[in-house]
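Given next are the chains, with one letter for each unit.
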Amino acid sequence: MAIGVVAGIVLAAIVALIGLFKLMWRVAEPNEALVISGSTHKTEGLGQGMGFRIVTGRGTLVLPGVQAVRKLSLDLNETQLSVDCVTHQGIPLRVKGVVIFKVGDDLVSIANAARRFLDQQKMMPERVHIVFAGHLRSIVGGLTVEDMIRDREKLTGQTRMACGTEMEKLGLIVDSLQIHEIEDPTGYIKNLAMPHAAAVQRDARIAQAEANRLATEAEQAAFARMAEATRDSEILQAGYQAERDKAAATARQAGPLSEAAARQEVVVQETRVAELEAHRREQQLQADVRKPADAAAYETRTRAEAERDARISAAQAKARETELAAAAEATRVTTAATADAQAVEARGIASAKATRATGEAEAAATQARGLAEAESAKARGLAEAEAIKARAAALAENQEAVVAQQLAENWPAIVEAGAGAFGNVEHMVLLNGAEGMSEMFAKALTMGGTGLGVARQLLASMGQPPTPGPSPASPPVNGRIPIREEN
């Protein structure tokens, strides 16, 4: 029983000691300092009779009721700066920044901060703002706007140096000081930047213009290359088109040329036939009739040759006129093609070639037709001249034979004319029967043949052969056969 009581007392004593120890033992956190007051303590670096003790990062015993323990935060603090200042030039500015500060880690700084902010730790940012605002106004007053803009580090460094002593007295250290913005309510900074902005804009416009120029030159060069390629393509196409047109023109002219050649061949054959016919007639007349009189034949031949030469000259003139007209047309087409070629060289050359080929083909066809017609006219003239010459020769050699031949050729017409004498006879009485009928018809035929004597007289009086034409017997007039009596 006594042992249990003793054990309980001992246990209670242990528990009381543990509770008392916990009550007396204080531990400082890493971001705080314990300030213990209530007894005289000597701390390294601090003067005698300080009256409080500072503990950081460890534990310590505190006598409850005898000593008081308070905590001083060592955390970072910040204060926003917004200070109205006036520069050395008298220009009002507003400087905005931020100050990041804390209580120093050394005991002196902690002691200085404990004396000033132990019960007013929330007032630290305001106090720091006041300190920095005063020094910042003083420093800005000695600088120009240009200095502040170009060298903010100078402004920051001078401010930190000016505030360093006072911050040390307050037991505070500045971890960072940043000037964020400099506001210019008068627009001085903006006006100060305008020349530079204008210069930048000028350089930008110059650069843009140069870029546009280079782009335009590149585009023009590209367009030129495209135009060159298009021109080469059109020249090739025009050349091919010219070859096709030339071939087409040659094909189109092949028909007229073949037709002209065929016609020329026909004319040549007709000429040969006419020549053979004239030769046959000449041989027949030579066999039947002697040579004509030289005088009449010379006159007739001279006239025939004159007419022939006139027709040949006319045919040659017509052929020459056709040739000149074709040449003039070809020259006009060539001139027009040349003028067009100055505007569109390749197309004009192709068109000129095609037109020239067509003109040459048409001129060749026209010349061939003219030559064929001239040869035909010449052949017909020669044949007619030879026939007239043969008739004239025959008539001069033997007039009676020629007249007899003409009468023989026109004998049906003579008989018809003789019979026409009985056309108005309504009633006819014939005597002697068939003998009277034969006598009447013989007389009628004799009346028609009286033209033989008339032809002889005309030949004797005129001294020229009669031209081929109607027969000596004239057609009946009013149903009667006119008869010319000899004197």
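This structure is a prediction, so every number in the text was calculated from the model and none was measured. (Residues numbered from 1 in each chain as written. Predicted model: local features only at pLDDT ≥ 70, side-chain atom pairs only at ≥ 80, totals over all residues. Heavy atoms only, no water.)

Novice: Which residues make up the sheet that holds strand β8 (residues 172-183), and what values go with them?
Specialist: The strands making up a sheet are joined through hydrogen bonds of the backbone, oriented either antiparallel or parallel. Here three strands make up an open sheet; going across it, the order is β6-β7-β8 and the pairing antiparallel. Strands with a single pairing partner mark the edges of an open sheet, and in this sheet they are β6 (77-86) and β8. Sheet twist, expressed as the mean angle between neighbouring strand axes with direction ignored, is 25°. Contacting β7 (92-103) and β8, helix α5 (residues 152-169) runs over the sheet at an angle of about 145° to β8. (Pairing = 2+ DSSP bridges. Helix = DSSP H or I, 4+ residues; strand = E, 2+ residues; numbered from the N terminus. Axes fitted to C-alpha atoms, helices over the stretch in contact; angles between N-to-C directions. Contact = heavy atoms within 4.5 Å.)

Novice: Give a detailed account of helix α6 (residues 188-288), specifying residues and quantitative values.
Specialist: Compared with an ideal rise of 1.5 Å per residue, which puts 101 residues at 150 Å, α6 spans 143 Å between its outermost C-alpha atoms and is within 8% of the ideal. Along α6, the helix axis deviates most sharply at M194, where the bend reaches about 35°; the proline P195 sits within four residues downstream. What α6 keeps buried is the set A238, A242, A249, Q253, A260, V267, T271, A278 and L285. (Expected span 1.5 Å × (residues − 1). Bend = angle between axes of the 7 residues up to and from the residue. Buried < 20%, exposed > 50% of the residue type's maximum accessible area, 1.4 Å probe, protein only.)

Novice: Residues and numbers for the packing of helix α3 (residues 124-141) against α5, please.
Specialist: Two elements in contact, α3 and α5, have axes whose closest approach is 9 Å; the angle formed by their N-to-C orientations is 135°. One way to sum up the angle between α3 and α5 is to call them oblique. For the element pair α3 and α5, the recorded crossing hand is right-handed. Here V128, V131, F132, H135, L136, I139 and V140 of α3 come into contact with α5, specifically with L155, Q158, T159, A162, C163, E166 and M167. Class assignment for the residues of the contact of α3 with α5 results in 10 nonpolar, three polar and one charged. (Parallel < 35°, antiparallel > 145°, perpendicular 65-115°, else oblique. Left-handed = near helix turned anticlockwise from the far one by under 90°. Nonpolar A, V, L, I, M, F, W, Y, C, P; charged D, E, K, R; others polar.)

Novice: Before we move on, could you go through the nonpolar core and cite the residues and values that matter?
Specialist: The tendency in soluble globular proteins is for nonpolar side chains to be buried as a group. Judged by nonpolar contacts, the single largest core of 26 residues is most densely connected at L72, V99, V103, F132, M167 and L172. It is helix α2 (residues 107-117) that contributes the most residues to this core, five residues altogether. Among residues more than four places away in sequence, those in contact with L172 are F101, K102, V103, G104, F117, M124, V128 and M167. With 15 residues, the next largest nonpolar core counts V83, L93, A133 and L136 among its residues. (Core = buried A, V, L, I, M, F, W, Y, C linked by side-chain atoms within 4.5 Å.)

Novice: Outline the pattern of salt bridges, listing residues and values.
Specialist: Enumeration over the complete set of coordinates arrives at 13 salt bridges. Among the salt bridges present, the one from R202 reaches D203, with a minimum N-O distance of 3.3 Å. Between R281 and E277 there is a salt bridge whose closest N-O contact spans 3.4 Å. With a gap of four residues between them, R281 and E277 both fall in helix α6, about one helical turn apart. By relative accessible area, which is 39% here, R281 ends up partly exposed. Here E277 falls in the partly exposed class, since its relative accessible area comes to 29%. (Salt bridge = Lys/Arg side-chain N within 4 Å of Asp/Glu carboxyl O.)

Novice: Go over a nonpolar patch on the surface with me, naming the residues and quoting the values.
Specialist: A cluster of nonpolar side chains, contributed by V6, V10, I14 and I18, occupies part of the molecular surface with about 340 Å² of accessible area. Here I18 shows up in helix α1 (residues 2-24). A relative accessible area of 48% means that I18 is categorised as partly exposed. (Patch = residues over 30% accessible without salt bridge, like charges linked within 9 Å, V, L, I, M, F, W, Y side chains within 5 Å. Areas by Shrake-Rupley, 256 points an atom, 1.4 Å probe, with all protein chains shown as cover.)

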